[in-house]
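Chain by chain, the residues:
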Amino acid sequence: MNTELKSAVMATDRDAQYDNSAKRLIAHKIILTRILVKTVEEFKGMDPLEVAALIEGLPYISAVPVEPGLTNAVHFQNGQRLVGFNTENQELNEGLVRFDIVFYVRMKDGLSQIIINVEAQKDEPSDYEILNRAVFYVSRLVSSQKERDFENSSYDDIKSVYSIWICMNMEENTMSHIHLTKEDLIGSYEWKGNLDLLNIIMIGLAKELPEHDETYELHRLLGALLSRELTIDEKLDIIGNEYDIPLEENFRKDMSTMCNLSQGVKEEGIAIGRREGLEEGRREGHAELITKMYKNGLSIEQIASATDKTVEEVRAIIEGKEKSQEA
């Protein structure tokens, strides 16, 4: 592998580490509670500190496989068969797709539970429609409850599930709640059951940070937290002062790690550009490098991150090259 490709791989590796750091930051309870009070009806209007007390244990971060048959694991304790999330076979299941963040949270009654899944995306994927993936994830979190959260035909014990998707670099700040509804076609019989079992929350974060107001309160918090442009001091100022979030040492450490990784990705992209003479006016050389990276198995998203271009620009270059070769 030549020097340019090695640099690109280094940049994408830092990018993967950045993504993992972002997940760890979001998984801090002080952040999760702010997400819950803005997205889950049960917790709206509550003090985040009260909600934090309802989150059970520590959230699972990139630990639970999504694939059917692998989400759960069977354990034996004192001779008793127990079924829980599969978090132990990390090496055996290496390379599998995993939920970004999964955790249980108790309702205000202190008894019933719901399952929360949070997914972070750098941008809207280009190779599949993101809502389809969200439907699959929320369905998996419902179906995987059998033998873990309910047994046999005890379908009334199914827990409600929220799959919350945070999609960055969008054109505008948005939030949507996708869920089951009942439409009477003939008659109006009241079928027994819980229409609140499946919930998808799609959060779009615009590239520009919004002003701090009630409507965009969550968007500004998440936008600042995940920004690749703000310095660590700017982030801490917004998170600590505007949101009155106590900045514990672990949180500061994760924030610093993510900011350093982000800077590393930028520096690698600049270095690649300089080595290839990729200043303005040298687009042909840039196209050659991007094509080479794509042929060596790097995804469009990875190339965009390594070369400081948008996904759309990278895709246009690759498609243009392929068309020129066909001609």
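Note that the coordinates shown come from a computational prediction; the quantities given were computed from them, not determined experimentally.

Chemist: Mind laying out a negative patch on the surface, listing which residues take part and the relevant values?
Modeler: There is a patch of like negative charges on the surface, built from Glu171, Glu172, Glu312 and Glu313. Relative to the elements of secondary structure, Glu171 occurs in the loop between strand E6 (160-170) and strand E7 (174-179). For Glu171, a relative accessible area of 74% gives the class exposed.

Chemist: Lay out the packing of aromatic side chains with the relevant residues and their values.
Modeler: A complete count under the given rule lists seven aromatic pairs for this structure. Note on Phe85 and Tyr104: the rings are 5.8 Å apart at their centroids and 45° apart in plane angle, and the pair reads as tilted. Taken together, the residues Phe85 in strand E3 (residues 80-85) and Tyr104 in strand E4 (residues 101-106) connect sequence positions 19 residues apart. The pair Phe85 / Tyr104 is uniform in exposure class, with both members buried. Ring plane angle 65° and centroid distance 6.4 Å describe the contact between Phe136 and Tyr137, whose orientation is recorded as edge-to-face.

Chemist: So what's going on with the nonpolar core? Residues and values would help.
Modeler: Core analysis: the biggest nonpolar cluster contains 48 residues, and Phe43 and Ile116 have the highest contact counts within it. Setting aside anything within four residues of it in sequence, one finds Phe43 in contact with Leu36, Val37, Val51, Leu54, Val105, Arg106, Met107 and Ile114. Judged by nonpolar contacts, the second largest core, of 21 residues, contains Tyr104, Ile130, Val138 and Ile158.

Chemist: Give a detailed account of the side chain of Gln113, specifying residues and quantitative values.
Modeler: One can find Gln113 in strand E5 (residues 113-121). Overall, the relative accessible area of 19% leaves Gln113 in the buried class. A distance of 2.6 Å separates the side chain of Gln113 from the side chain of Glu56, its partner in a polar contact. Within the local environment of Gln113, its side chain forms a polar contact with the side chain of Lys159, the two groups lying 3.5 Å apart. If sequence neighbours within four positions are ignored, Gln113 has contacts with Glu56, Tyr104, Val105, Arg106, Met107, Lys159 and Ser160.

Chemist: Kindly report on the sheet that holds E4, identifying the contributing residues and their values.
Modeler: Taken in spatial order, the six strands line up as E1-E4-E5-E6-E8-E7 in an open sheet, and their pairing is mixed. Only two strands of the sheet have a single partner each, and these edge strands are strand E1 (60-61) and E7. Sheet analysis places E5 next to E6, joined by eight bridges and oriented parallel. Each bridged residue has a counterpart across the sheet, and for Ile114 the counterpart in E6 is Ser160. Against the sheet, helix H2 (residues 29-39) touches E4, E5, E6, E7 and strand E8 (198-206), its axis set at about 105° to E6. Against the sheet, helix H4 (residues 130-143) contacts E4, E5, E6, E7 and E8, and its axis sits at roughly 155° relative to E6.

Chemist: Summarise the pairing of E8; cite the residues concerned and give the values.
Modeler: Counting buried residues in E8 gives eight out of nine residues, a clear majority hidden from the surface. In this sheet, E8 lies alongside E6 in parallel orientation, the contact comprising eight bridges. Note on E8: the bridge partner recorded for Val161 is Leu198. Across six bridges, the pairing between E7 and E8 is antiparallel. Within E8, the position partnered with His177 by the bridge is Ile201.

Chemist: Account for the environment of Glu234, naming residues and giving values.
Modeler: Among the secondary structure elements, Glu234 is positioned in helix H6 (residues 232-242). Linking Glu234 and Ala224, residues 10 residues apart in sequence, is a C-alpha distance of 8.3 Å.

Chemist: Before we move on, can you summarise the confidence of the model for the protein with the specific residues and values?
Modeler: Predicted confidence across the protein gives a mean pLDDT of 83, with 83% of residues reaching 70 or more. In the model, residues 276-282 has pLDDT below 50 throughout and makes 10 contacts with residues more than four positions away in sequence or in other chains.

Chemist: Describe a nonpolar patch on the surface, with residues and values.
Modeler: On the surface, a cluster of nonpolar side chains totalling about 200 Å² of accessible area is made up of Leu131, Val135 and Ile178. Mapped onto the elements of the fold, Val135 is located in helix H4.

Chemist: Tell me what's going on with the side chain of Arg220, and back it up with residues and numbers.
Modeler: Its place among the elements puts Arg220 in helix H5 (residues 217-226). A relative accessible area of 12% means that Arg220 is categorised as buried. A distance of 2.7 Å separates a polar atom in the side chain of Arg220 from the backbone oxygen of Pro210. Apart from residues lying up to four places away in sequence, Arg220 is in contact with Leu209, Pro210, Glu211, His212, Ile238, Glu242 and Tyr243.

Chemist: Please set out H4 residue by residue, giving values where relevant.
Modeler: For an α-helix, 3.6 residues make a turn, and residues three or four places apart therefore share a direction. The terminal C-alpha atoms of H4, which comprises 14 residues, lie 20 Å apart, in line with the 20 Å expected from a rise of 1.5 Å per residue. Here H4 has its buried residues at Ile130, Ala134, Tyr137, Val138, Arg140, Leu141 and Val142. For H4, the elements touching its buried residues are E4, E5, E6 and E8.

How each quantity is defined
- Residues numbered from 1 in each chain as written.
- Predicted model: local features only at pLDDT ≥ 70, side-chain atom pairs only at ≥ 80, totals over all residues.
- Heavy atoms only, no water.
- Patch = residues over 30% accessible without salt bridge, like charges linked within 9 Å, V, L, I, M, F, W, Y side chains within 5 Å.
- Areas by Shrake-Rupley, 256 points an atom, 1.4 Å probe, with all protein chains shown as cover.
- Salt bridge = Lys/Arg side-chain N within 4 Å of Asp/Glu carboxyl O.
- Lys, Arg positive; Asp, Glu negative; His and termini not counted.
- Charge placed at Lys NZ, Arg CZ, Asp CG, Glu CD.
- Helix = DSSP H or I, 4+ residues; strand = E, 2+ residues; numbered from the N terminus.
- Buried < 20%, exposed > 50% of the residue type's maximum accessible area, 1.4 Å probe, protein only.
- Phe/Tyr/Trp six-rings, centres within 6.5 Å; stacked < 30°, edge-to-face > 60°.
- Core = buried A, V, L, I, M, F, W, Y, C linked by side-chain atoms within 4.5 Å.
- Contact = heavy atoms within 4.5 Å.
- Polar contact = N/O pair within 3.5 Å; in protein donor to acceptor, adjacent residues only side chain to side chain.
- Pairing = 2+ DSSP bridges.
- Axes fitted to C-alpha atoms, helices over the stretch in contact; angles between N-to-C directions.
- pLDDT = per-residue confidence, 0-100.
- Expected span 1.5 Å × (residues − 1).

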